Amino acid sequence: MIDLHLSAEVHAARVAGKPVVALESTIITHGMPYPQNVETARLVEQDIRDAGAVPATIAVMDGRLHVGLDTEQLDALGRASGVAKLSRADLAACMASGGTGATTVAATMIAARYAGIEVFATGGIGGVHKGAETSFDISADLHELAQTPVTVVAAGAKAILDLPKTLEVLETLGVPVIAFGQDSFPAFWSATSDLPAPLRMDDAATVARAHAMRRALGLPGGQLVANPIPEADQIAAGELAPIIERAQAQADARGIAGKAVTPFLLQAIFEATAGRSLTANIALVRNNARLAAAIAREMSALGS
Ligand code: PSU
Ligand code: MN
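Residues numbered from 1 in each chain as written. Chains lettered and ligands numbered in written order. Predicted model: local features only at pLDDT ≥ 70, side-chain atom pairs only at ≥ 80, totals over all residues. Heavy atoms only, no water.

Novice: Describe the site of ligand 1, and please don't skip the residues or the numbers.
Specialist: The immediate surroundings of ligand 1 are formed by 16 residues, with Glu 24, Lys 85, Val 105, Ser 139 and Asp 141 found nearest. Interatomic distance of 3.4 Å between a backbone N/O atom of Gly 124 and a nitrogen atom of ligand 1. Between Asn 281 and ligand 1, the recorded distance is 3.3 Å, taken from a side-chain N or O atom to an oxygen atom. Expressed as a share of its isolated accessible area of 480 Å², the protein-covered part of ligand 1 is 96%. Residue assignment for the shell around ligand 1 shows that the elements contributing at least two residues are helix H2 (26-31) and helix H12 (261-272). Within the shell around ligand 1, the residues separate by chemical class into three nonpolar, nine polar and four charged. (Near = heavy atom within 4 Å. Polar contact = N/O pair within 3.5 Å; in protein donor to acceptor, adjacent residues only side chain to side chain. Areas by Shrake-Rupley, 256 points an atom, 1.4 Å probe, with all protein chains shown as cover. Helix = DSSP H or I, 4+ residues; strand = E, 2+ residues; numbered from the N terminus. Nonpolar A, V, L, I, M, F, W, Y, C, P; charged D, E, K, R; others polar.)

Take a look at the structure:
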């Protein structure tokens, strides 16, 4: 019933038992402008290959669930405007109606699990938005992490979110939040925040073992590996705070709500930083891809 299509590269990797890393596509359609979105997607895929794993970018095209996109498909997705943003609620509906859409962290986790992929690299996960006490805007990504057994490597959560509330919800949901190589929870464009991360690990092998241990215990859900942006690429939190505040005020004033909030804020911050937010975003996604590949290799070594 499910029209699943693996790219030739992903198919060969599965047959040979090689490590595979899933990648989302909303970051391509809604997270970055063209052509940097496609250029970044290609660089990230190559980073994963260079690190000894195989990339599997996930998207729905004409109702078919693609795990691994070829060059033309990636380019078409990156150029298209008005592509649907598919989260948990939208994925099946889009596939059933023959639609085309880009997958968020939540939907990418669902597709990765279905295809037997256990690790996934992205930029930042969705979380609890500022003002959630009135808007109730909490990303489905958090609930997905609680129920789908995929380890997600992200640079923490975007500083456009309410980070303390995001960590609280993840704790309530029983999601392991693991800072990689440091004690504090990274804040996307900034390597550190004043929030301590609940867990810390310093090598990919331990992350892979913890993933396997959850499965052995029969626990549903995945892990969030919060990998700090390399220091040379970061934008100081103090510099970003007023920019984020202005972007949020603009979003409120224009009545931006629901799925449109994250893309609107990212675009406003991109303009206010003269593109530096995008340069940092590219650097952190590539950094996450390399770590995810290392974790995938360790998972393969464990025989998972
Ligand atoms: N990170 C980015 N750009 C993005 C996103 C993350 O740098 O566009 C996307 C991811 O796909 C994430 C989604 O899953 O935003 C969260 O959206 P929402 O808050 O509507 O659940
Ligand atoms: Mn939302």
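Novice: Can you explain the pairing of strand S8 (residues 151-154)? Please cite residues and give values.
Specialist: The alternating pattern of S8 places Thr 151 and Val 153 on one face and Val 152 and Ala 154 on the opposite face, and all of these are buried. Bridge count for strand S7 (residues 119-121) against S8 is three bridges, and the pairing is parallel. Note on S8: the bridge partner recorded for Val 119 is Thr 151. As paired strands, S8 and strand S11 (residues 223-226) are joined by four bridges and run parallel to one another. Note that in S11 the partner of Thr 151 across the bridge is Gln 223. (Buried < 20%, exposed > 50% of the residue type's maximum accessible area, 1.4 Å probe, protein only. Pairing = 2+ DSSP bridges.)

Novice: So what's going on with the pattern of salt bridges? Residues and values would help.
Specialist: According to the stated counting rule, one finds 15 salt bridges in the structure shown. Residues Arg 290 and Asp 47 are paired through a salt bridge, measuring 3.9 Å at the closest nitrogen-oxygen approach. Highlighted residues: Arg 290 in helix H13 (residues 276-301) and Asp 47 in helix H3 (residues 36-50), separated in sequence by 243 residues. The partly exposed category is assigned to Arg 290, whose relative accessible area is 37%. The class for Asp 47 is buried, based on a relative accessible area of 8%. Among the ionic contacts, a cluster of salt bridges with common partners joins Glu 9, Glu 45 and Arg 49. (Salt bridge = Lys/Arg side-chain N within 4 Å of Asp/Glu carboxyl O.)

That is the geometry; function is a separate question.
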